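Spelled out from the first residue to the last, the chains are:
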Amino acid sequence: MAKDSSFDIVSKVDMPEVENAIQQAQKEIANRFDFKNSKSSIKLETDKIILISDDDFKLTNVVDILESKLVKRGVSLRALEYGKPQKAAGDTVKQEVKLVQGIAQEKSKLINKVLKDNKIKVVSSIQGDEIRVTGKNKDDLQAAIALLRKEDFGIELQFINYR
């Protein structure tokens, strides 16, 4: 009896890379002339990034610096969910950026539907915030990965544990 092959679909953020990108962004803010005497800062909490700046214009620049550093470190910007800028203490503006980890239930169902609709001979099952895809033929699994890479689900997908 042939053994089934499988892989997992996940959506995770590499937190050490996020920390490195934030450190680089903080250094750039400290060294840039247009941020001299500014209250601009970036803080990482468990699952979100807090951006603080003097006004909306500088906050936009802080976001641009952070995004450029994240892209250089290989972190997808699809993993970021921006909140609305809010007034904070001391005439500053604050914005929360949530780090999206895992595949939400609705997105999991959509991914399963796409796999079923394209009649690729694989079976997909939702396992928490991951999806396991199994199939008898490795070529079918390769076709499933290629199909899912073409689709836009609004989140970054990684394919791991390919066996």
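Located above this text is the structure these notes cover.
To keep things clear, this report deals only with the structure shown in the data block. (Residues numbered from 1 in each chain as written. Predicted model: local features only at pLDDT ≥ 70, side-chain atom pairs only at ≥ 80, totals over all residues. Heavy atoms only, no water.)

## Points about helix α1 (residues 15-31)
Here α1 is 17 residues long and its end C-alpha atoms lie 24 Å apart, about the 24 Å a rise of 1.5 Å per residue gives. Of the positions making up α1, those classed as buried are V18, A21, I22, A25 and I29. Projected down its long axis, α1 carries its buried residues within an arc of 100°, all on one side. Residues of α1 that are exposed and point more than 90 degrees away from the buried face comprise K27, A30 and N31. Where the residues of α1 are buried, they touch β2 (41-44), β3 (48-53), α2 (56-72) and β6 (92-99). (Helix = DSSP H or I, 4+ residues; strand = E, 2+ residues; numbered from the N terminus. Expected span 1.5 Å × (residues − 1). Buried < 20%, exposed > 50% of the residue type's maximum accessible area, 1.4 Å probe, protein only. Arc of directions from axis to C-beta. Contact = heavy atoms within 4.5 Å.)

## Quick notes on the sheet that holds strand β7 (residues 123-127)
Sheet architecture is open: four strands sit in the order β7-β8-β1-β9, paired in antiparallel fashion. The open sheet is flanked by β7 and β9 (158-160), the only strands paired with a single partner. Within this sheet the neighbouring strands show an average axis-to-axis angle of 25°, counted without direction. Direction of pairing for strand β1 (residues 5-10) relative to strand β8 (residues 130-135): antiparallel, over a ladder of five bridges. Residue I9 lies in a different strand from β8, and its bridge partner there is I131. Helix α4 (residues 138-150) rests against β1, β8 and β9 of the sheet, and its axis sits at about 15° to β1. (Pairing = 2+ DSSP bridges. Axes fitted to C-alpha atoms, helices over the stretch in contact; angles between N-to-C directions.)

## Examining the pattern of salt bridges
One pass over the structure, following the stated rule, counts twelve salt bridges. K136 is the salt-bridge partner of D4, the closest N and O atoms lying 3.4 Å from each other. With D4 in the segment before β1 and K136 in the loop between β8 and α4, the pair connects residues that are 132 residues apart, well separated along the chain. On the basis of relative accessible area, D4 is assigned to the partly exposed category, the value being 37%. A salt bridge links K58 to D54; the nearest nitrogen and oxygen atoms lie 3.5 Å apart. Among the charged side chains, a network of salt bridges with common partners joins E28, R32, D34 and K69. (Salt bridge = Lys/Arg side-chain N within 4 Å of Asp/Glu carboxyl O.)

## Some thoughts on the packing of aromatic side chains
This model, assessed by the stated rule, comprises two aromatic pairs. Look at F7 and F159: their rings are 5.8 Å apart centre to centre, the planes differ by 70°, and that puts the pair in the edge-to-face class. With F7 in strand β1 and F159 in strand β9, this pair connects stretches of sequence that are 152 residues apart. The same class applies to F7 as to F159, namely buried. Every member of this aromatic cluster is reached through a ring pair, and the members are F7, F159 and Y162. (Phe/Tyr/Trp six-rings, centres within 6.5 Å; stacked < 30°, edge-to-face > 60°.)

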